[in-house]
Amino acid sequence: MPKIKRRSISQRNAERAKRMRERRIDDEFRLSDIRRRANSLKIQRQTDEFKTEENKRRAEAHKIERENDEFKTEENKRRAEAHKIERENDEFKTEENKRRAEALKIARQNDEFKTEENKRRAEAHKIERENDEFKTEENKSRAEALKIARQNDEFRTQENDRRLNSLKIKREDEEYKQEERRRNASRMRLSRDKYENNFHLMKLNYESKIKEGPTHICSCCGGLWFEYSIKESTVEMLRNKGLPKEFIDTVCYLKNAIIKLCVTCRKDIMSNKVPNLCLSNGLAFYEIPDCLKILTELEERLTSPRIPFMVIRTLGFCKQFGLKGNLVNVPMNVDTNVSVLPRKFSDTHTIQLKLMRQMKNKNAFMYETIRPKVVHTAVRYLVEQELYKGEGIIISDDWLNEYSNERENFIIKDEDKEIGANEIMKESEFDDNDANWNESDDKPINPVATETLLNDEIEDQNDIGIKFAPAENNRPISILMDMKVDELTFPKIYCGKQRKIKENVKLTYAKIAKSELRMFDRRCGRISKLFFTYKKLQTRKFSDAISITLRKTKNTKNVTVAQMLNRDYVNGLIHNDDAFTFLRCDRSSPAFWELKKKELMAMNRQLGCATIFLTLSAAETKWSELIVILAKVLGNKVITLEEAENMSYEKTCDLIRKDPVTCVRYFEHRVKCLWEILSAPSGPFQGYELEDKYVRIEFQARGSPHVHALIWLKDAPKYDKNKPESIKKCIEFIDKLISVSSKPTQFSEELISLQR
Ligand SMILES: [Zn+2]
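A. Molecular detail of the overall build of the protein chain. The helix and strand tally for the protein chain stands at 30 helices and 17 strands. Contacts in the protein chain between residues far apart in sequence, at least 24 positions, make up 73% of those at least 6 positions apart. When the accessible surface of the protein chain is split by element, carbon and sulfur atoms take 52% of a total near 49,300 Å².

Here it is as structure tokens:
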């Protein structure tokens, strides 16, 4: 029994201990449970608070978004409305689509812009973009189809009739008429504002416009024109305008399927008149035979019966990149005595200057050379031409004996021939210096002119201009009296043939010169020809102006022969500047600029002090657009902008030097495009209206143009040293427009590194 009892006690104890343990665990559990529950409650409470907060916030955001959405729809509706109005006009639509397509194309060329644009578009309106692209594509193709259809005249007239008729019916309704007027006005305003206030759009437009150059050939005058002066048509279209076939055949000298006509020619042709400068009037050039084509400028001189310019050539080192050094042309009296060609070297009116060798010139001392056989062959061709026969010119028999080598150094004085031998000895002395020669020293941005014209009259010219010095005992005559001087001076241009202008066609020399310089055949773009033409025109202008001035000026109304023979009277005219007024017509004279100065002073009085002084200069070698144009004009080669950028410096310079006229025309065009931006409200003057400007174009020593301009901005602050307020305003104004940055760009990196 006790055994059992003992067992039961221990059992009970064990049970109690177990219960105690369980309860303890239970208690711990309960406590932790309570804690846990409290915690979760706390969290839940926080979450709940957060939730309400969040809900509130979300509701707010939603509201804003909804408002935005409403606004968006509203805006879209508004925009769609405006667009619809614009679109209603068919012509505007085509125009707009074309412009948009152009702008898109340009923008796409910019890779950065493209990616950015794509990203932005993909994010927002993917579907819309597809629609838009589709629309543009569709519109483009539709515009294309319309353009083709319009070329058909019949279709065009029919279409116009149809449109006119429907308009006429509609216009009978007074309300419609007013509505239409309102619509037109608002459309015009909208498109103008949109363009002028969008600098980005204007920049794109500028970038596409500066790619244009005078590359379009007028079928009638053969001139090179910018696209905006050219209108295209076909023979059929001209015939439909009532022009006889024979007439069209005459005026359209260049036979192409598509007839391009410049504004001037078109105006004359439409009124059934043959334009003055029409090529069929005798202005077309002869084709240059091969034997003349290969002549150099110097070789041509040996074959010319007339030489109106004395040339000062540097006898020295051939500069890098084929630059021949400066060549100075001096106007001189033309001798008409030459009867045997080719000329002797000493008979070319050339002065050779011996120049000291410059350290930076790497090449050996060089002479210009001529090829006697080439010259002789050219002369043999020329003396067979009527023009040379008429002058009684014969070919020299012993010339080839005197110059018998394949190439002869062109040296006039015998003593100069020795330089060559001495030079070889000196060669080694200069080697060290040549190592330091820096390539960039010799790379001017504007390599245009290496020839200059010395415009001072030489001493024995008491009369004005160039005269002829004919055989003894004959009075010298003016350059203006010789009708063949152009042809006899430049055999390579005129091929030894005299230009035959049709009878009944009245052409002044100025007009002929204009035709020659604009001609698609660029043979007259040569600098020596430009100088000659300039000098001849100047002589003509002066001789005209003198007689007019003497008749018009107050003091010289009735001048008698006796007065003119009286030295005191003539000196009096000179003293009172009356004798110089005739120079006003010439831009290179002080009298001309005296007049311009007076005009500028008048502007200053009227408008007050100018606000900004601006200088823009040409960077021909950096303008790839110009190189593309020159390649087209000079070689009829189409190259890309990239190819132009990668062209070697020598080739670029060669193109630029070959055609100064096209370069200057392009510069003028580019400046014109720039003025468009400068005078727009969203332009760089930031809202200041361009009130007026005074522009002067100068030609730098190298012959490339630059612009000096004074600009008057409307409402610009005026400086007054007694008013601190005005000074503050001026500073703010200047800070707004003029800034400087040391952050390098691709153009300025080198410059900035040099300044540091
Ligand atoms: Zn024309």
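B. Structural context of the packing of aromatic side chains. Counted according to the given criterion, the structure contains nine aromatic pairs. Ring centres of Trp 399 and Tyr 403 lie 5.1 Å apart, and the angle between their planes is 55°; on these two criteria the pair is classed as tilted. In this structure, Trp 399 and Tyr 403 share a single accessibility class: buried. An aromatic cluster of three or more residues is present, and its members are Phe 345, Trp 399 and Tyr 403. Geometry around Tyr 509 places Lys 536 over its ring, the cationic atom sitting 3.9 Å from the centre. Across from the ring centre of Trp 225, 5.9 Å away, lies the NZ or CZ of Arg 665, which sits over that ring.

C. Highlighting the pattern of salt bridges. Counted under the stated rule, the structure contains 20 salt bridges. Where Lys 209 meets Glu 676, a salt bridge forms, and the shortest distance between an N and an O atom there is 3.2 Å. Of this pair, Lys 209 sits in helix H7 (residues 199-209) while Glu 676 sits in helix H28 (residues 660-678); the two residues are 467 residues apart in sequence, bridging distant segments of the chain. Overall, Glu 676 belongs to the partly exposed group, its relative accessible area being 36%. For the salt bridge of Lys 723 with Asp 720, the shortest nitrogen-to-oxygen distance reads 3.8 Å. Where salt bridges share partners, they join Asp 486, Arg 499, Glu 516, Lys 529 and Lys 536 into one cluster.

D. Here's a closer look at the coordination of the zinc ion. Here the zinc ion is held by the protein donor atoms Cys 218 (SG), Cys 221 (SG), Cys 262 (SG) and Cys 265 (SG), which lie 2.2 to 2.3 Å from it. Coordination at the zinc ion is tetrahedral, judged from the four donor atoms that bind it and the angles of 98 to 119° they form at the metal.

E. A look at the packing of helix H25 (residues 624-635) against H28. Direction vectors running N to C along H25 and H28 enclose 140°, while the axes themselves pass 11 Å from each other. In terms of orientation, H25 lies oblique with respect to H28. For the pair H25 and H28, the crossing hand works out as right-handed. Contacts from Glu 625, Leu 626, Ile 629, Leu 630 and Val 633 in H25 reach Thr 662, Cys 663, Tyr 666 and Arg 670 in H28. Looking at the contact of H25 with H28 residue by residue, the class counts come to six nonpolar, one polar and two charged.

F. A look at the side chain of Arg 526. Tracing the chain through its elements places Arg 526 in the loop between helix H20 (509-518) and helix H21 (527-552). Beyond its immediate chain neighbours, meaning those up to four positions away, Arg 526 contacts Glu 297, Glu 300, Phe 490, Lys 492 and Ile 493.

G. Region of the structure containing unusual backbone geometry. Note the cis peptide between Leu 341 and Pro 342, where omega equals -5°. Among the structural elements, Pro 342 can be located in the loop between strand S8 (340-341) and strand S9 (350-354). Even without glycine at this site, Asn 272 takes up a positive phi of about 65°. Relative to the assigned elements, Asn 272 resides in the loop between helix H10 (263-270) and helix H11 (290-293).

H. Representation of H10 in the model. Looking only at H10, the buried set comprises Cys 265, Arg 266, Asp 268 and Ile 269. Take H10 and look down its axis: the buried residues cluster within an arc of 165°, on one side only. Projecting away from the buried face of H10 at angles above 90 degrees are the exposed residues Thr 264 and Lys 267. Tucked inside the fold, the buried residues of H10 contact strand S3 (230-233), helix H9 (245-251) and strand S4 (259-262).

I. Structural view of the sheet that holds strand S16 (residues 690-699). Pairing in this open sheet of three strands is antiparallel, and the strands run S15-S17-S16 from one edge to the other. A strand with exactly one partner marks an edge of an open sheet, and here the two such strands are strand S15 (612-617) and S16. When strand polarity is set aside, the average angle formed by the axes of neighbouring strands in this sheet is 20°. Two elements, S15 and strand S17 (residues 705-713), share six bridges in a ladder whose sense is antiparallel. By the bridge assignment for S17, Leu 614 is matched with Ala 709. Contacting S16 and S17, helix H24 (residues 590-607) crosses the sheet at an angle of about 160° to S16.

J. Seen up close, the state of the cysteines. Considering all chains together, one arrives at zero disulfides under this definition. Cysteine Cys 252 shares no disulfide, and the gap to the nearest cysteine sulfur, in Cys 220, comes to 6.7 Å. Residue classification places Cys 252 among the buried positions, given a relative accessible area of 4%.

K. Region of interest: a nonpolar patch on the surface. A surface patch of nonpolar side chains, amounting to about 310 Å² of accessible area, comprises Val 664, Val 695, Ile 697 and Phe 699. The leading source of residues in the nonpolar patch is S16, at three residues.

L. Quick look at the packing of H25 against helix H27 (residues 649-658). Where H25 meets H27, the axes come as close as 10 Å, and the angle between the chain directions of the two elements is 65°. In this structure, H25 crosses over H27, and the sense of that crossing is left-handed. Residues Ile 627, Leu 630, Ala 631 and Leu 634 of H25 lie in contact with H27, whose contacting residues are Thr 652, Leu 655, Ile 656 and Lys 658. Its residues placed into classes, the contact of H25 with H27 shows six nonpolar, one polar and one charged.

M. Representation of the environment of Thr 348. Residue position: Thr 348 is located in the loop between S8 and S9. Looking at Thr 348, the relative accessible area reads 0%, which means it is buried. As for Thr 348 and Ile 307, which are separated by 41 residues in sequence, their C-alpha atoms are 7.7 Å apart.

N. Quick peek at a positive patch on the surface. A surface patch of positive charge is lined by Arg 12, Arg 16, Arg 19 and Arg 23. Mapped onto the elements, Arg 12 comes out in helix H1 (residues 2-87). Look at Arg 12 and you get exposed, because its relative accessible area is 54%.

O. Up close: the confidence of the model for the protein chain. Averaged over every residue, the pLDDT of the protein chain is 76; residues scoring 70 or more account for 69%. Looking across the protein chain, the model is least confident in helix H17 (residues 431-435), with a mean pLDDT of 39, and most confident in strand S2 (residues 224-225), with 96. Scored below 50 in pLDDT, residues 316-324 makes 31 contacts in the model with residues more than four places away or belonging to other chains. Note on residues 357-364: pLDDT under 50 across the span, and 29 contacts to partners over four residues away in sequence or across chains.

Calculation criteria
Residues numbered from 1 in each chain as written. Predicted model: local features only at pLDDT ≥ 70, side-chain atom pairs only at ≥ 80, totals over all residues. Heavy atoms only, no water. Helix = DSSP H or I, 4+ residues; strand = E, 2+ residues; numbered from the N terminus. Contact = heavy atoms within 4.5 Å. Areas by Shrake-Rupley, 256 points an atom, 1.4 Å probe, with all protein chains shown as cover. Phe/Tyr/Trp six-rings, centres within 6.5 Å; stacked < 30°, edge-to-face > 60°. Buried < 20%, exposed > 50% of the residue type's maximum accessible area, 1.4 Å probe, protein only. Lys NZ or Arg CZ within 6 Å of the ring centre and 35° of its normal. Salt bridge = Lys/Arg side-chain N within 4 Å of Asp/Glu carboxyl O. Donors = N, O, S within 2.8 Å, 3.2 Å for Na, K, Ca; no water. Tetrahedral: all angles 85-135°; square planar, octahedral: opposite > 155°, others 65-115°. Axes fitted to C-alpha atoms, helices over the stretch in contact; angles between N-to-C directions. Parallel < 35°, antiparallel > 145°, perpendicular 65-115°, else oblique. Left-handed = near helix turned anticlockwise from the far one by under 90°. Nonpolar A, V, L, I, M, F, W, Y, C, P; charged D, E, K, R; others polar. Arc of directions from axis to C-beta. Pairing = 2+ DSSP bridges. Disulfide = S-S within 2.5 Å. Patch = residues over 30% accessible without salt bridge, like charges linked within 9 Å, V, L, I, M, F, W, Y side chains within 5 Å. Lys, Arg positive; Asp, Glu negative; His and termini not counted. Charge placed at Lys NZ, Arg CZ, Asp CG, Glu CD. pLDDT = per-residue confidence, 0-100.

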